[in-house]
Amino acid sequence: MHMENNSTEELLEEEYLLGEEEDIVNKYLTFTSADLVYGIPIENVIEIITNPTITSLPMVPDFVKGIINLRGQIVPIIDIRQVMNKPVNEEVSITCVIILELDAISIGVLVDSVLQVINIQNNLSAPPAKNHTFISGMTNLSDGTVMFSLDCEALLSNK
Amino acid sequence: MNNGMDSMLDMYLFETNSLLEQLEGIMLEAEKAKSFSSEDIDEIFRIMHTIKGSSAMMEFDSISKIAHRIEDLFFIFRENNTTNTFSESMRKELFNLILKTNDFMRTEVEKIEQNEPLTDTIDNFITDINTFIEKLNTEDTSTMETSEAKTPAASPAVPQTTAPLQSIPETSAPYIIKILFDDGSGMENLRALIVKNAIADAIGSSFECYPADVETNSETCNYIIDHGYFVFLKDEALVDPTLSAIKSSPNIASFEVIPNAPKEAEQPKTSKGSAAQKANPSPASSKQAKPAKNGAPANGQNHSVKQSIISVNLSKLDSLMAIVGEIVITESMVTSSPDLKGLKLDNFTKSTRQLRKLTDELQDIAMSMRMVPIAGVFNKMNRIVRDMGQSLNKDVRLTIIGENTELDKTIVDSINDPLIHIVRNSMDHGIEENVQDRIDAGKEPQGEIVLEAKHTGSDIIITISDDGTGVNPDKVLEKAKRNGILTKPENEYSKREILMLLLAPGFSTNETVTEFSGRGVGMDVVKQNIEKVGGIVSIESELGEGTCVTLKIPLTLAIVDGMEISVGESTFTMPITNIKQSFKCKKADIIYDALGREMIERMGNYYSIIRLHSLYHIETKITDIEDGILVWIEASDISYCLFVDCFIGEQQVVVKPLPTYLNSFNIKNSGIAGCTILGDGNISIILDALSLYAAFVNSL
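Residues numbered from 1 in each chain as written. Chains lettered and ligands numbered in written order. Predicted model: local features only at pLDDT ≥ 70, side-chain atom pairs only at ≥ 80, totals over all residues.

Across its full length, chain A carries three helices and 10 strands. Along chain A, helices and strands appear, N-terminal first, in the series α-β-β-β-β-β-α-β-β-β-β-β-α. Buried residues in chain A amount to 27% of all 159 residues. Excluding contacts between residues fewer than 6 apart, the proportion of contacts in chain A whose partners are at least 24 apart in sequence is 51%. (Helix = DSSP H or I, 4+ residues; strand = E, 2+ residues; numbered from the N terminus. Buried ≥ 20, exposed ≤ 12 C-beta atoms within 10 Å, placed from the backbone. Contact = placed C-beta atoms within 7 Å.)

This next bit is on the sheet that holds strand 9 (residues 135-140) of chain A. Residues and elements named next belong to chain A. The strand order across the open sheet built from five strands is 8-1-2-10-9, with neighbouring strands paired in mixed fashion. Since the sheet does not close on itself, it has two edges, and those belong to strand 8 (113-120) and strand 9, each with one partner. Averaged over all pairs of adjacent strands, the angle between their axes in this sheet comes to 30°, without regard to strand direction. One ladder, built from three bridges, connects strand 2 (residues 36-41) with strand 10 (residues 146-150); its direction is parallel. (Pairing = 2+ DSSP bridges. Axes fitted to C-alpha atoms, helices over the stretch in contact; angles between N-to-C directions.)

It is worth spelling out the interface of chain B and chain A at this point. Facing the 19 residues of chain B at the interface are 19 residues of chain A. Across the side of chain B that touches chain A, the residue classes tally to 11 nonpolar, seven polar and one charged. (Nonpolar A, V, L, I, M, F, W, Y, C, P; charged D, E, K, R; others polar.)

Attention now moves to the sheet that holds strand 21 (residues 672-677) of chain B. Residues and elements named next belong to chain B. Strand order in the open sheet made by the five strands is 20-12-13-22-21, with mixed pairing throughout. Each edge of the sheet is formed by a strand with only one pairing partner; in this case those strands are strand 20 (646-654) and strand 21. Across the sheet, the mean angle from the axis of one strand to that of its neighbour is 35°, orientation sign disregarded. By the bridge criterion, two bridges tie strand 13 (residues 570-575) to strand 22 (residues 683-687) in an arrangement that is parallel. Within strand 22, the position partnered with Phe572 by the bridge is Ile685.

Let us now look at the packing of helix 14 (residues 314-335) of chain B against helix 15 (residues 346-369) of chain B. Residues and elements named next belong to chain B. For the pair helix 14 and helix 15, interaxial distance at closest approach is 10 Å and the crossing angle is 160°. Between helix 14 and helix 15, the interaxial angle falls into the category roughly antiparallel. Helix-helix and strand crossings are classified by hand; for helix 14 and helix 15 the assignment is left-handed. Residues Leu317, Leu320, Met321, Val324, Ile327, Val328, Glu331 and Thr335 of helix 14 form the contact with helix 15, whose own contacting residues are Thr352, Leu355, Arg356, Thr359, Leu362, Gln363, Ala366 and Met369. For the contact of helix 14 with helix 15, the residue count by class is 10 nonpolar, four polar and two charged. (Parallel < 35°, antiparallel > 145°, perpendicular 65-115°, else oblique. Left-handed = near helix turned anticlockwise from the far one by under 90°.)

Another aspect to go through is the packing of helix 17 (residues 409-430) of chain B against helix 21 (residues 523-532) of chain B. Residue and element names in this part refer to chain B. With their axes 9 Å apart at the nearest point, helix 17 and helix 21 run at an angle of 155° to one another. Judged on the interaxial angle alone, helix 21 and helix 17 are roughly antiparallel. For helix 17 against helix 21, the interelement crossing comes out left-handed. Counting all contacts with helix 17, which are made through Ser414, Asp417, Pro418, His421 and Ile422, the residues of helix 21 involved are Val525, Val526, Asn529, Ile530 and Lys532.

To continue, consider unusual backbone geometry. The backbone of Met59 of chain A sits at a positive phi, close to 55°, despite the residue not being glycine. Along the chain, Met59 of chain A turns up in the loop between strand 3 (45-50) and strand 4 (64-70). Even without glycine at this site, Met603 of chain B takes up a positive phi of about 45°. Summarising the element assignment, Met603 of chain B is placed in the loop between strand 16 (598-602) and strand 17 (605-611). The exposure class assigned to Met603 of chain B is exposed, which follows from the 8 C-beta atoms found within 10 Å.

Residue and element names in this part refer to chain B. Buried residues dominate strand 19 (residues 638-644), accounting for five of its seven residues. In terms of strand pairing, strand 17 meets strand 19 through three bridges, oriented parallel. Bridge pairing in strand 19 links Ile609 to Cys641. Note that strand 18 (residues 629-635) and strand 19 share seven bridges and pair antiparallel. Within the sheet, the bridge partner assigned to Val631 lies in strand 19 and is Leu642.

Keep in mind these numbers describe shape, not what the thing actually does.
Put into structure tokens, the structure is as follows:
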């Protein structure tokens, strides 16, 4: 009787530890844009859509591609290439848009292609120089490539 | 369980808020009239009683306690009818006390709404009220001789069953109707209530009954069995309708009319006649009022008014509106489906026409449900004018015109703050500091602020005007220069432009910051808020004569009659109300100015031509002025001709605001009011005629 009790407690403790560990793991959705790999915290990603009809808006900065009708909701689309001062991708067969949401504000990010969802255990290291406001950190992936993490907050507040 | 609690809380908040609003209204009216009518006192008493009861039920003790004390206070008034004999300072104190209490209860209710803990320290308030009551009592004895005789009667609310009863109660009413019910019919008090309601339906509330508290006091039953139920009438004309009402009521054994002449002669003796009491329609009413307050007071008046208004959660109306919007879109999606092209479908067209008619109706009704009169917002200004008048020592009256004008609930909410701001400005900066200044300027000593609302087509115009000093353009210009917000040489500013400077960010003409205005955030916030709901602010002012602020706001934001316009691959919607005319023109009609800008003459005036494709940098094949179409646009005082590729057709569209993300790009100033989803799922951008012109001027 006593023994049993002990073992359940141990089990519980183990589970608890596991749970704690999972908390540290951050999930990122990675995508490519102009040959660079970026990551977005998964909790900000709503969905990924392809080939939406983009209605362009006049008199907005170039990186704002326009707005789309996402099941009755109007979502603005920005081109991550132009945000990062890269040339516009001219020959695309499929446009890929990641819909992000933060504080009830939705936005679509136009990317070259979506890669995968990855777990990142260690903390991100800050970029050596504060070269771009929209990058909050970077890290090495298992295959050796470097992932830049997008700062969604900065992206949405558009500062 | 939780749900039930929530809805109860909702109900409580709604009820308490409207009661407090009502209370404030009564207080401000009474303050203007400088006296309470007996109805006012009854009404306040009833309000406090209800708040006390419901707050205690919801366990909001602080509110309930304070309401209880105020109820006590008004109980004294009700008994003694002394408010009219108050000294000036006493009355002022009373009004301040009640309004302060009202404010306190409002903030408490707000706290409940926001789920914050309530204030526990209400002792100050209670002592305030208590000292006032004490003061009242001492003043009472000195000013009113009869009060001694009155107070003992007032102190405990003696249930009438224990009091000795005569077979016919004392009254001054000339006509008494005695009603006896069938023997053994049971529940005589409820039968009496039925009769009372029947009479109320027939002749209104201008009668008295005895026993008065039949609905709440079941012991009146025995009295009615023994002596009958009495109805007192003041007027002979009321006797016949009353009798027929009684006749049609069930379980009546007999009734008789007893003329009451001798009693009337005794009246001066029975009621210790004070001047105030003679003003009362009949002294009997004050006698009768006593038993009534045992139960639910003032029920009698409310019976004749059938409740025909229900309260609906705003979010439900919002979703209704959204669904109606979707239906409107879907309807046009079905009727203009590309699959039907080239088909001749007589029955189908007939049915769609019917459908169109019904959806239009549905839409109108859904819209009208969101419409509320502007009176609620306007009446709040009374309080602001009063409070500021007192603290700034300015005598100002507020005149309200057109408070029944209805507009969309969301718009009403959003103009609340701007209105408060403007009225405060008028009070603080507009109306002269010294009464003598006004008299010297040949104005009447009392300042006036006029709030007016009226409809014009699809807009509502709200004007706030005062007869104060007006705006001094030189001072404004000087201040603007000091703040560095001038954009061109001083002498180039027209008067109109100078007044518009008042709306620029970071402008506040008052030299010193006061409690009420001049915090540095000024009229620019007003402008922003009004623009948020698609409105326009303009200021007119004559130095020495006053200032008038005009707000022009669309009636509703939700649905617009629009003309679909295409330019290149893009589709735009221009509100029909802005389109004056559309026409084709020849190259020869175009006039060029020195800079090569295009103009055209229409009906004797010259208008700029705005090429939408070049303004918005849209690629299109139609650049020749003869290929496209010119649309003559008019919006408030601006008029121009817009060059577009072609018209697609007229359509009702549901306005969707642009995503908030885009606000940082100043998109409102580029001629875009919002967007809408067309029947085919594509997005059409809704143009804003005014800011489109501004964008055009900026692009030159």
